[in-house]
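Secondary and tertiary structure notes
Chain by chain, the residues run as shown.
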Amino acid sequence: MTRSPLFRRKSVDRILNDARDKQDGATGLRQSLNVFDLTALGIAAVIGAGIFSTIGTAAASGGPAVSLLFLFTAVACGFSAMCYAEFASSIPISGSAYTYAYASFGELIAWIIGWDLIMEYAIGNIAVAISWSDYFTGFLGGIGVHVPSWLGTDYLTAARGYHQATLELMRGVHMADLPGALAEAYQAWISAPVIGGIRIIADVPAFGIVVFISVLVYIGIYETKVAGNIMVMLKVGVLLLIIGAGSFYIDPKNWSPFAPHGLSGVLKGVSAVFFAYIGFDAISTTAEECRNPRRDLPRAIILALLITTVLYILISLVLTGLVPYHQLAVGDPLAFAFERLHMTRLSGVIAISAVVAMASVLLVFQVGQPRIWMSMSRDGLLPPSFSKIHSRFRTPWFSTVVAGFLVAIPSLFMNLTEVTDLTSIGTLFAFILVSGGVLVLQKERKADTAREKPGFRVPYIDSRWTLPLLWIGVFLVYMWMNAPGTGQEKVGTVEQLNNRTIEQLNISTSAHWHISTLTHHLPIVLFLLFSAVITGLAVVRRLSLIPVLGLLTNLYLMAQLGVTNWMRFLVWLAVGLVIYFGYGRWHSRLR
């Protein structure tokens, strides 16, 4: 049967040959990364905003049990990490999930995941740049250097803050009683200079750090790895200091109840916690700059995930042991915890390391995005300019410049807090395709054992018996986490009564209530349907357990992100399909 042109696949051999043809010794990417450098890049990408800010929100919702959420998310990522490791060993090309999808699912799916990664990296880095700016201006303010608020706030935040603050002031609220962020946005709006009737408000630090990082990435991979290694050693050292110093001040009473709001409370932080793990997959985009990618990439991906997981779990236990969980819903929970202990010097060190951590995340993603574009351009799905290599610096210079502008300009004026979950849903989608792609490769490998090549392979575990047992275990854990005595019924009594009252009021408008309830639960219903189908196929066809678990866990995490995020994600993919059918399909090298 003839394969549809939309799903024409590129063989592994052709992918490797095309990349080799595009990279002769004079103009190819410089190969200078070893396993230590790659692991450091992975740690640099993962340890950022998650450990310095969002961990507080997750802990406030889930209590000390958020440490289990970090473990669960790490396991979910671990299944995908092993699949990434197998692909990176088999196809050591810079396209990451895009190239892996091209080899296993075909061109259309490859384009979709490539377009998805553009969204993931760009939106993620804009959000990180804005967060970095907040930490940086706060740090400067702490040492007496004041940055005018209109130069450290984006236009959208200032405009919204001004209107909201004005309403509060009209209601009789005093300026001193406004929340700090709202007062700062109001001040930025009223103090900003006006030119031609337009207020000049821009987040200059966010723009500046993106430009600086982009220049560093443009200059070369060697300079990038040196900067990344230094930043990683600094922030890991600070985290070990936090764990060591904080362990002497832990009050075990703060760990009881362990899961105050039950499983539902723990899972409220799933988006924030997963966002903390995004980045280990970015290592695979540097495959063509590794000295020995088949050996070093799998090791680095798994090492980076293991190291960051241990750090996250220890930090979450120390943090919830230092401060009652319900007090941790602050923007800088680590600094807040040590300020309560009157350890202000360590709080200052944390602020510095947070600035470094954010910068390292920007560094890795600004490295990754241009290399994915380079791979898409080689295949004809993007214009040829995106695959041009600088003759001196041996980096994809045009893609690097475009990626810099794509992140730097929006970070000046926009606040993307409403769509940052798109970064998580985009990453989960990539993880799902990579996990599924390994199942496809394993099937083809069985049919063609003569062409088996050395490299990392996901260990085969038969799903027929293990997967049903795991489902039983999941059910028992769910029952235990929601059983009486976990603390949920004590802490949530008033809230539950209020929820019942609200529910009764909503039932009075039954049509609207049923529609909204169905919409709210639609993602989880779809997950249950898909998981039933996947489980059935896995049992009947005796599929490899680890990729199947990668599919199931990532599907579940996607289901937790809400209908609104799914709709935004589908809109973004629709825009990408318009571009593919307008350009990529007609310029593909497989056409």
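Scope of this entry: the structure provided in the associated data block. (Residues numbered from 1 in each chain as written. Predicted model: local features only at pLDDT ≥ 70, side-chain atom pairs only at ≥ 80, totals over all residues. Heavy atoms only, no water.)

1. Some details on the environment of Gly404
This is how it is decided: The helix and strand labels rest on DSSP assignments: H or I over at least four residues marks a helix, E over at least two residues marks a strand, and numbering proceeds from the N terminus. For this analysis, residues touch if any pair of their heavy atoms sits within 4.5 Å.
Checked against the element boundaries, Gly404 lands in helix H16 (residues 397-413). Spatially, the C-alpha atoms of Gly404 and Val210 are 6.6 Å apart, while their sequence positions differ by 194 residues. Discounting chain neighbours no more than four positions away, the residues touching Gly404 are Val210, Ser214 and Gln366.

2. Details of helix H4 (residues 66-90)
Inclusion rule: Working rule for helices: expected span equals 1.5 Å times residues minus one. Relative accessible area decides the class of each residue, using a 1.4 Å probe on protein chains only: under 20% of the type maximum gives buried, over 50% gives exposed, and in between gives partly exposed.
For H4, with 25 residues, the first-to-last C-alpha span of 36 Å sits near the 36 Å given by 1.5 Å per residue. Across the 25 residues of H4, 20 count as buried, placing the element largely inside the fold.

3. So, the packing of helix H10 (residues 221-246) against helix H13 (residues 293-322)
Rules: Between N-to-C directions, angles cover 0 to 180 degrees, with each direction set by a line fitted to C-alpha atoms, over the stretch in contact for helices. Reported orientations rely on four angle classes, namely roughly parallel under 35 degrees, roughly antiparallel over 145, roughly perpendicular from 65 to 115, and oblique for the rest. Left-handed describes a crossing whose near helix is turned anticlockwise from the far helix by less than a right angle; the clockwise case is right-handed. Here the nonpolar group is Ala, Val, Leu, Ile, Met, Phe, Trp, Tyr, Cys and Pro; Asp, Glu, Lys and Arg are the charged ones; every other residue, Gly included, is treated as polar.
At a closest axis distance of 10 Å, the pairing of H10 and H13 adopts a crossing angle of 40°. The angle between the axes of H10 and H13 places the two elements in the oblique class. In the crossing of H10 with H13, the sense of the turn from one axis to the other is left-handed. On the side of H10, the interface is formed by Val236, Leu239, Leu240, Ile242, Ile243 and Gly246, while H13 contributes Leu311, Leu314, Ile315, Val318 and Leu322. Taken together, the residues that form the contact of H10 with H13 break down as ten nonpolar, one polar and no charged.

4. Here we look at the nonpolar core
The nonpolar side chains of a soluble globular protein tend to be buried, and buried together. Going by this rule: Nonpolar cores are built from buried Ala, Val, Leu, Ile, Met, Phe, Trp, Tyr and Cys residues. Side-chain atoms within 4.5 Å join them into one set.
In this structure, Phe52, Tyr84, Tyr277 and Phe280 are the most contacted members of the largest nonpolar core, which totals 158 residues. Among the nonpolar cores identified, the runner-up in size contains six residues, and Ala158, Ala188, Trp189 and Ala192 belong to it.

5. Some remarks on the packing of aromatic side chains
Filter applied, for reference: Note on aromatic contacts: the rings of Phe and Tyr and the six-membered ring of Trp form a pair at centre separations within 6.5 Å, being stacked when their planes are under 30 degrees apart, edge-to-face when over 60 apart, and tilted otherwise. Charge-over-ring placement is defined geometrically: NZ (Lys) or CZ (Arg) within 6 Å of the ring centre, and within 35 degrees of the ring normal.
One pass over the structure, following the stated rule, counts 20 aromatic pairs. When the ring of Phe527 is compared with that of Tyr556, the centres are 5.4 Å apart and the planes differ by 65°; the resulting orientation is edge-to-face. A residue pair is termed long-range when its members are at least 10 positions apart, and Phe527 in helix H21 (residues 510-541) and Tyr556 in helix H22 (residues 545-559) qualify at 29 residues. Residue class for Phe527 comes out buried when judged on its relative accessible area of 8%. Their ring planes at 75° and their centres at 5.1 Å tell us that Tyr580 and Phe581 sit as a pair that is edge-to-face. Feature note: the residues Trp111, Trp115, Trp572, Tyr580 and Phe581 constitute an aromatic cluster, connected by ring pairs. It is Lys10 that lies over the ring of Tyr102; its NZ or CZ is 5.8 Å from the centre. For the cation-ring pair, Arg585 lies above Trp586, with the distance from its terminal atom to the ring centre recorded as 5.1 Å.

6. Comments concerning the pattern of salt bridges
Cut-off, in case you're wondering: Any Lys or Arg side-chain nitrogen located within 4 Å of an Asp or Glu carboxyl oxygen qualifies as a salt bridge.
Using the criterion set out here, one finds eight salt bridges in the structure. The shortest N-O distance in the salt bridge between Arg8 and Glu107 comes to 3.0 Å. Here Arg8 is found in the segment before helix H1 (12-22), whereas its partner Glu107 is found in helix H6 (residues 107-142), with 99 residues between them in sequence. Take Arg8: its relative accessible area is 14%, and that puts it in the buried class.

7. Re unusual backbone geometry
The omega torsion of the bond from Ser256 to Pro257 falls at 0°, within 30 degrees of zero and hence cis. Residue position: Pro257 is located in the loop between H10 and helix H11 (262-267). The phi torsion at Ser96 lies on the positive side, around 55°, for a residue other than glycine.

8. Here's the deal with the packing of H13 against helix H14 (residues 333-340)
Across the interface, H13 lies against H14 with an axial gap of 10 Å and an inter-helix angle of 40°. With respect to H14, the element H13 is oriented oblique. Classified by chirality, the crossing of H14 by H13 is left-handed. Here H13 contributes Ile315, Leu319 and Leu322 to the contact with H14, which in turn contributes Pro333, Leu334, Ala337, Phe338 and Arg340. Each residue belonging to the contact of H13 with H14 can be placed in one class, and the counts come to seven nonpolar, no polar and one charged.

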